Structure formats: structure tokens, C-alpha cells
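Here is how the chains run, residue by residue.
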Amino acid sequence: MQLRSRPILKNCANRSRTLSNPMRHGNLIIVSGPSGAGKSALVAGVLRSLDRIRFSVSFTTRAPRGKEQDGVEYFFVDRNAFQSLIREDALLEWAEVHDNYYGTSRKFVDDLLEQGEDVILDIDVQGAQTIRRKRPDTVSVFVMPPSYNVLRERLERRSLDEGLVIKQRLKRACNEIRCYKEYDYLIVNEDLDDSIRYLEAIVSGNRCRKASRMEAAKSVLATFGGMDAENP
Ligand code: 5GP
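Remember, it's a predicted structure, so these values are computed and weren't measured experimentally.

### Some details on the packing of aromatic side chains
Right, so step 1: Using the criterion set out here, one finds eight aromatic pairs in the structure.
Right, so step 2: An angle of 75° between the planes, with centres 6.1 Å apart, marks the rings of F75 and F108 as edge-to-face. Taken together, the positions of F75 in strand β4 (residues 74-76) and F108 in helix α4 (residues 106-114) put the pair 33 residues apart, joining distant regions of the chain.
Right, so step 3: Here the aromatic rings of F142 and Y183 are separated by 5.2 Å at their centres, their planes lie at 65°, and the arrangement is edge-to-face. Of the two residues, F142 sits in strand β8 (residues 139-144) while Y183 sits in the loop between α7 (163-176) and β9 (185-188), which places them 41 residues apart along the sequence.

### Description of the site of the ligand
Right, so step 1: Neighbouring the ligand are 17 residues; S58, R62, Y74, Y102 and D122 lie closest to it.
Right, so step 2: A distance of 2.5 Å is found between an oxygen atom of the ligand and a side-chain nitrogen or oxygen belonging to Y102.
Right, so step 3: Here an oxygen atom of the ligand sits 2.6 Å away from a polar atom, N or O, in the side chain of D122.
Right, so step 4: Calculation on the ligand without its partners gives an accessible area of 510 Å², and the protein chains cover 95% of this total.
Right, so step 5: With respect to the pocket detection grid, the ligand is positioned in the largest pocket.
Right, so step 6: Classifying every residue of the shell around the ligand gives five nonpolar, five polar and seven charged.

### Points about the layout of surface pockets
Right, so step 1: By volume, the largest pocket is sized at about 1,100 Å³.
Right, so step 2: Around the largest pocket, the lining comprises 41 residues; the ones closest to its centre are S40, R65, Y74, D122 and R158.
Right, so step 3: Looking at the lining of the largest pocket, the elements with two or more residues in it are α2 (39-49), β5 (91-97), β6 (100-105), α6 (148-158) and α7.
Right, so step 4: Of the residues assigned to the lining of the largest pocket, the class counts are 15 nonpolar, 10 polar and 16 charged.
Right, so step 5: The computed volume of the second largest pocket comes to approximately 260 Å³.
Right, so step 6: In terms of lining, the second largest pocket is formed by 16 residues, of which the most central are H25, G26, N27, D137 and S212.
Right, so step 7: Tallied by class, residues from the lining of the second largest pocket come to five nonpolar, five polar and six charged.

Conventions used here
Residues numbered from 1 in each chain as written. Predicted model: local features only at pLDDT ≥ 70, side-chain atom pairs only at ≥ 80, totals over all residues. Heavy atoms only, no water. Phe/Tyr/Trp six-rings, centres within 6.5 Å; stacked < 30°, edge-to-face > 60°. Helix = DSSP H or I, 4+ residues; strand = E, 2+ residues; numbered from the N terminus. Near = heavy atom within 4 Å. Polar contact = N/O pair within 3.5 Å; in protein donor to acceptor, adjacent residues only side chain to side chain. Areas by Shrake-Rupley, 256 points an atom, 1.4 Å probe, with all protein chains shown as cover. 1 Å grid on protein atoms, 1.4 Å probe; cavity = no way out; pocket = protein on both sides within 12 Å on 5 of 7 lines; lining within 4 Å. Sits in = over half its atoms within 2 Å of the grid points. Nonpolar A, V, L, I, M, F, W, Y, C, P; charged D, E, K, R; others polar. Points joined across faces, edges and corners; volume = space filled by probe spheres on them.

Spelled out as C-alpha cells, the structure:
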């Protein structure tokens, strides 16, 4: 039995190598969660380990922190410039977070998706709600800290913010955390390496969603003479 099945497997393997791999439209992946849950490190880990995935650089009116650079973590703009972006409908979504404005560039995201890149957005729960309404195909992931105390410790250790800001962020976290139910996936970020592996799996798994692979299916079916390749 085994001997007989071998050549068949070999043929299939050879044939699969010759299949064309048409350009796929990328997936939009939202990552949300309270400040200090570890979203940035998690997203950075996945950007390092996977190909064909890019970070959506948002506009913000907040000042750069630490070593942040314009055009890398954010596009830093003043309030007038941000208002103009809203008027020009250049933002896919925007929200006021911690007394500053944050918004996703429609063009930045759509250009990458069209090039077949997955695009990962680190945005708050309000922005996630807007995008889910506009783009129901979006994949959404909520990141939680293992507990309130761990979140407080992480924010204090990070010490990028002052005491009052930390208090505001913790207060906001109490409301944000309840929104996890609106998301497709939940990662409790206890161990960063484990969490990176979970997010990698989510991104990879969603690349195989049937809806994301229709072009590939058409191209395969076109090699099976007599089948309706337009309607696979
Ligand atoms: P931070 O100032 O710590 O970088 O970000 C504060 C919060 O703003 C985080 O929860 C982050 O997810 C959110 N955020 C960053 N960019 C955007 C954006 O473009 N839109 C929305 N709605 N939230 C954003």
C-alpha cells in the first residue's frame, strides 16, 4: 500500500511546485489592548519573524517618546494638520486617546494591502470598532496583561510616563479590557515569546482563509480542464 502510494505523492508534490501563485490581497489585522499589555513588543516580534507583513504607521498629535522617530512609530503632526486629515477623509478611522488624536492613514494601509502585504494595526478599541464596521473582513486580536497588578508594574517599570499619566492609563484600561468580547482572538500576554507565536499563528492561519485564497483557487482550477475557473 505504502509502496503504491509513493509515486502518487511524488507527482502531487512536483505538480504543486509548478502551480502559479497569484498575488493575494493582504489581510488587515488589528491588535488592541490596554497600554502596557505588550502590544508593541508583540507586534515587533511578528514583524521580525514573518514575511509579507507591515506595520500601519498612524498619525498622532502626541509628542514623540524616547527614541521614537517620525515615520517609524508614528507620523507626528500638530492638531491643525490632524484636523485637515479628517476633513480630507484621509483617515480610515481616528480617535481621541489619552487627550491626543490618533488616526490610521487610509492610503498607507490600502496601498500595502493591494501589494499583497498583510497590514497590522496597533489601535485602540474605538478605532477597532470603526474599522470592523467599515471592513468586516478585518481580523482582530485583543491583548490582555495577565492581571491588573502586572499591568501597573509594567507601566511603572516602563517609566516613559509620569505618575499621573500612569493613573489615567490604568483607569482607561479598566474600561478597555471589557471590549475583548468584540474581538476574534484573545492573547493573554504572560510570556512574550509564547504570545509572539500565537500572533504568528493567527496571521498565518488567516492567510489560508478561503476568502483570502479565492484567486489562488481560480488559478489552480484553471489547470483542471473543464472546470469553471471563474466560479470555483
Ligand atoms: P501610545 O501613545 O502609547 O503609542 O498609544 C496610545 C494608544 O493609542 C494605544 O492604545 C494605541 O493602540 C492607540 N493608537 C495608536 N495608533 C492609533 C490609531 O491610528 N488609531 C487609534 N484609534 N488608536 C491608535
